Amino acid sequence: MGRDHQVPALCALDGATLMGERGSNGGYRISGPVSAGLGGSRLMPTRDGGWFALTLIRDVDRELLPALFGTPDLDIRNADAIAAVVAQHDCAALVETGRALGLPVASADEIPAAPPIEVMARGPRKERPAGYRPLVVDLSAIWAGPLAGHLFWQAGMDVVKVESPWRPDLIRRDDPTTFDLINQGKANVLVDLTDATERAALIALIRRADVVIESSRPRALRHLGVDAYALMQEIPGLVWLSVTGHGATGEAANWVGIGNDCGVAGGLSRAMAELTGEMGYVGDAIADPLTGITAARDGLAALRSGIAQRIGLSMSAISAMALTEEREHDRAAIDAELRAWGTSVGAPFPTVPRRPLQAEVREIGADTARYLPELTQC
C-alpha cells in the first residue's frame, strides 16, 4: 500500500505487523473454536452439521439470546448451556434470526452477500494543491475503521476521532494497548449525538473534512440526521468510507458483524477445517485488520483522484477476497499456514515485535473546543 501511494511511513509497515501485533503482544493463544483474547466469540456445531459463530461482547447481546433460541429460561452467562441449545437448531435458521435481532452471527458455510469493495456513489471533484494536509473525521470504533484512520495519520493527515459520552469506543476500556496504538496522534472530540446542537456541530466539522470513516448501520446514521449521500454530493472531493460487517447496501447493510464472526463468514474457518479436520477461528478478529488496511488503500486512491466517493467495505467479503487472492498467489503457502494454525491449539500467537508509540494519545474530548468551537462559545 505504501509503495502504491509513495508514502514512506506506510512503506515502513508490513502486513504481518498490522495483522498480528495485537495477538502477539497481548499474550494470545490459539484457542480453536473460541476466539483469542477475551474469548468473546464461539464457534458451535448445529444439529444439521453446520457451525454457528456467535459473538457476545456486549450485555445487550446476551439479553437477546432467549429470543434467538426461543428459550426464555436460558442461562445467558453459561457457555455450555448456550452451546447445548445451539446444537438443537439448524445453522441457517440461527443466522437468519440472529441477524434480524441485530446479533453478530455467522455460518462457516455462507457466501458473502455483498462485494468486498463497492463504490456506491460519486460526487464533484476537488483539486488539492501540493502540500495540502487532508482532514479525516473518524466516527468508527473498535479496530477496522480506527486502523484505517491510523494509516491515514501515518500518511501525514490530520485525523479527528469522534466519541460519544454514552458510547465511547469499546476497546478504550477492553483493550487500551491496542486503542492507544491505533488512535495515537489523533485529535479527540466528544459529541453527544442525541443533542441537536452537537449533531449540527459535528456535521459542520464533516463539511470541512476530506475523508469520513464510519461503521454505523444505515438506520443509525439516519437517526442521527447524517445523510452521507447528500454530504458527498455537496462537498467536492469528500471520500466517505462505510465499514460494515456484511455490506453497505440492501438487507446486508443492517446485519451486525465483528472481526471474528466476519472471518468465519468469509470462509476462513471452513478452509482450515477442510485441511485439518478441526473447526476454529483463524487469526485474531482477522476481518478487522484486513478491512482497515483495505479501507486505507482504497481511501487513499479515492483521495488522490479528487473525486467525491462513498465506498462500502464488507468485512466478511474482504476476508473471502483475501483467501481467494492468497490461494491464487501461492496455494501451497496459504494451505500450509491454515494447516499450521488448525493444528496448533494452545500454542501462543506467532511473535510480532511491538511498535512503539510515536505520538500522544489524546484524552476523550481533549480537542472538542479546537474542532467544535461553536459548542464552547457563550
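Scroll up to find the structure.
Residues numbered from 1 in each chain as written. Predicted model: local features only at pLDDT ≥ 70, side-chain atom pairs only at ≥ 80, totals over all residues. Heavy atoms only, no water.

J.: Lay out the overall build of the protein with the relevant residues and their values.
T.: Along the backbone of the protein there are 18 helices and 10 strands. Relative to the 2.2 N^0.38 estimate, which gives 21 Å for 378 residues, the radius of gyration of the protein is 21 Å and therefore close to what a compact globule would have. Counting the 378 residues in the protein, one finds 53% classified as buried. For the protein, the proportion of contacts with a sequence separation of at least 24, taken over those separated by at least 6, is 77%. Summing over all exposed atoms, the protein offers an accessible surface of approximately 16600 Å²; the carbon and sulfur share of this is 52%. (Helix = DSSP H or I, 4+ residues; strand = E, 2+ residues; numbered from the N terminus. Rg over C-alpha atoms; globule rule 2.2 N^0.38 Å. Buried < 20%, exposed > 50% of the residue type's maximum accessible area, 1.4 Å probe, protein only. Contact = heavy atoms within 4.5 Å. Areas by Shrake-Rupley, 256 points an atom, 1.4 Å probe, with all protein chains shown as cover.)

J.: Any chance you could break down the side chain of threonine 294 for me, citing the residues and the numbers?
T.: By the element assignment, threonine 294 lies in helix H16 (residues 287-305). Taking the relative accessible area as the measure of exposure, threonine 294 reaches 8% and is therefore buried. Apart from the residues lying within four places of it in its own chain, the contact partners of threonine 294 are Ile117, Leu313 and Ile318.

J.: Break down the packing of helix H8 (residues 144-154) against H16 for me, with residues and values.
T.: Running from N to C, H8 and H16 point in directions that differ by 45°, and their axes come no closer than 7 Å. As far as their axial angle goes, H16 and H8 are oblique. As for how H8 packs across H16, the hand of that crossing is right-handed. In this structure, H8 uses Ala144, Leu147, Ala148, Leu151 and Phe152 to contact H16, whose residues at the interface are Asp288, Pro289, Thr291, Gly292, Ile293, Ala295, Ala296, Gly299 and Leu300. Of the residues belonging to the contact of H8 with H16, the class tally is 10 nonpolar, three polar and one charged. (Axes fitted to C-alpha atoms, helices over the stretch in contact; angles between N-to-C directions. Parallel < 35°, antiparallel > 145°, perpendicular 65-115°, else oblique. Left-handed = near helix turned anticlockwise from the far one by under 90°. Nonpolar A, V, L, I, M, F, W, Y, C, P; charged D, E, K, R; others polar.)

J.: Residue-level account of the pattern of salt bridges, with values.
T.: This structure, assessed with the given rule, holds 22 salt bridges. We note a salt bridge from aspartate 138 to lysine 186, for which the minimum N-O separation is 3.0 Å. Taken as a pair, aspartate 138 in strand S5 (residues 135-138) and lysine 186 in the loop between helix H10 (176-183) and strand S7 (187-190) lie far apart in primary sequence, 48 residues in all. Per residue, the accessibility class of aspartate 138 equals that of lysine 186, and both read buried. For arginine 297, the salt bridge identified is with aspartate 298, shortest N-O distance 2.8 Å. For aspartate 298, a relative accessible area of 18% corresponds to the buried category. Members of the salt-bridge network, linked through shared partners, are Arg22, Asp175 and Asp284. (Salt bridge = Lys/Arg side-chain N within 4 Å of Asp/Glu carboxyl O.)

J.: So, the packing of helix H15 (residues 268-276) against helix H17 (residues 315-342): which residues are in play, and what are the values?
T.: At their nearest, the axes of H15 and H17 sit 10 Å apart, and the two run at 45° to each other. As the angle between them shows, H15 and H17 are arranged oblique. The way H15 lies across H17 gives a crossing that is right-handed. Of the residues in H17, those in contact with Leu268, Ala271, Met272, Glu274, Leu275 and Thr276 of H15 are Ser319, Leu323, Arg327, Asp335, Leu338, Arg339, Trp341 and Gly342.

None of this, on its own, says anything about what the molecule does.
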